[in-house]
Amino acid sequence: MTTTIKKLNSNNIPIVRIDNKLESLKNKPIFQQKVNKANEVLRTVGLPKK
Amino acid sequence: MNLPRYELKAEKSLIIFEFISDGIKGQIPKIIKFDETTLKDVYNLAFGYKDSETGEIDDKVVSNNGDSEQVLATVVAAVYAFTDKYKDVWVYATGSNVARTRLYQMGISKYLNEIKHDFNVFGLLDGEWHKYQLNTNYTAFLVKRKEKLSKHTTL
């Protein structure tokens, strides 16, 4: 782990290892409560004005 | 940002990320997810603890693993990877409680100069988005990547 972190830290670009097992979580509403709250806020305030 | 962070794994669309927090309480799996919202091109960022036995995910558990700075840096790295793939999106984030939102704010404030180099950063205050300023308490955050990007690397 330490070696990996050192290697990662020396690189400013995120390195992402692809793991197909995570596909199973993609369509699960695991953070639905937070998404609902976000939708509520965004519906009211929208995006920053340019 | 060149900060200590954990190795990230993701499925190929870079919507779901996983990393292992390695601290005083041992190794704790964490999941990061970018969910679509009802506003086009705005994604909600959430992350939480993954129970390695049940696979259940909880964003309210406080791990207290003594590595919050490294965890936040890893989440930021996921934002870089996500916005590198989806260039025109906004990412919305807030904590699951006031203390957690403050923690995020401390992380943003500490590295604001580096973050501003790559992102436009806004904070929500009194029902309006404002350009992020230090020493202001916001209830939510919104970022959008600036153009001029380097590519993330997948293995």
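It should be emphasised that the depicted structure is a prediction, and the values quoted were computed from it without experimental measurement.

Colleague: Go over the overall build of chain B, please, and point to the residues and values.
Modeller: Assigned secondary structure in chain B consists of 3 helices and 10 strands. Mapped in sequence order, the helices and strands of chain B form the string β-β-β-β-β-α-β-α-α-β-β-β-β. Taken over C-alpha atoms, the radius of gyration comes to 15 Å for chain B, in line with the 15 Å a tight globule of 155 residues would show. Summarising its shape, the C-alpha atoms of chain B cover approximately 40 × 35 × 30 Å along the three principal directions. The proportion of buried residues among the 155 residues of chain B is 54%. Long-range pairs, those at least 24 residues apart, make up 56% of the contacts in chain B between residues at least 6 apart in sequence. Split by element, the accessible area of chain B, about 7,500 Å² in all, is 51% carbon and sulfur. In chain B, 21 side chains carry a positive charge and 21 a negative one; their mean positions are 5 Å apart.

Colleague: Report on the pairing of strand E3 (residues 26–36) of chain B, specifying residues and quantitative values.
Modeller: Residues and elements named next belong to chain B. Burial analysis of E3 places 8 of its 11 residues in the buried class, the great majority of the element. By the bridge criterion, 8 bridges tie strand E2 (residues 16–23) to E3 in an arrangement that is antiparallel. When the sheet's bridge partners are listed, Asp22 is paired in E3 with Gln27. The pairing of E3 with strand E4 (residues 42–50) spans 7 bridges and is classified as antiparallel. Paired with Phe34 across the two strands is Leu45, which belongs to E4. Hairpin geometry of E3 and E4 is characterised by an intervening segment of 5 residues between the two adjacent antiparallel strands and by a positive phi of about 65° at Asp41.

Colleague: Account for the nonpolar core, with residues named and values stated.
Modeller: One finds Leu8(B), Phe17(B), Ile31(B), Ile32(B), Phe34(B) and Leu45(B) to be the most contacted residues of the largest nonpolar core, which totals 44 residues. Sequence-distant contacts of Leu45(B), that is, excluding residues within four places in its chain, are made with Lys34(A), Ile32(B), Lys33(B), Phe34(B), Val75(B), Val79(B), Val91(B), Tyr92(B) and Ala93(B). Formed by 11 residues, the second largest nonpolar core is a distinct cluster that contains Ala38(A), Val45(A), Trp129(B) and Ala140(B).

Colleague: Give me the confidence of the model for chain A: which residues, what numbers.
Modeller: Averaged over chain A, the pLDDT score is 80; the fraction of residues at 70 or greater is 74%. The spread of mean pLDDT over the elements of chain A runs between helix H1 (residues 2–9) of chain A, the lowest at 49, and helix H3 (residues 32–45) of chain A, the highest at 95.

Colleague: Which residues make up the packing of aromatic side chains, and what values do they have?
Modeller: Aromatic ring pairs: the centre-centre distance and the angle between the two ring planes describe each pair. All names here are of chain B. A complete count under the given rule lists 13 aromatic pairs over all chains for this structure. Geometrically, the ring pair formed by Tyr92 and Trp129 is edge-to-face, given 6.1 Å between the ring centres and 90° between the ring planes. Here Trp129 lies in strand E8 (residues 128–131) and Tyr92 lies in strand E6 (residues 90–93), a separation of 37 residues in the sequence. Across the pair, exposure class does not vary: Tyr92 and Trp129 are buried alike. Members of the aromatic cluster, each reached through a chain of ring pairs, are Phe17, Phe34, Tyr43, Phe82 and Tyr86.

Reading the values: rules and limits
Residues numbered from 1 in each chain as written. Chains lettered and ligands numbered in written order. Predicted model: local features only at pLDDT ≥ 70, side-chain atom pairs only at ≥ 80, totals over all residues. Heavy atoms only, no water. Helix = DSSP H or I, 4+ residues; strand = E, 2+ residues; numbered from the N terminus. Rg over C-alpha atoms; globule rule 2.2 N^0.38 Å. Buried < 20%, exposed > 50% of the residue type's maximum accessible area, 1.4 Å probe, protein only. Contact = heavy atoms within 4.5 Å. Areas by Shrake-Rupley, 256 points an atom, 1.4 Å probe, with all protein chains shown as cover. Lys, Arg positive; Asp, Glu negative; His and termini not counted. Charge placed at Lys NZ, Arg CZ, Asp CG, Glu CD. Pairing = 2+ DSSP bridges. Core = buried A, V, L, I, M, F, W, Y, C linked by side-chain atoms within 4.5 Å. pLDDT = per-residue confidence, 0-100. Phe/Tyr/Trp six-rings, centres within 6.5 Å; stacked < 30°, edge-to-face > 60°.

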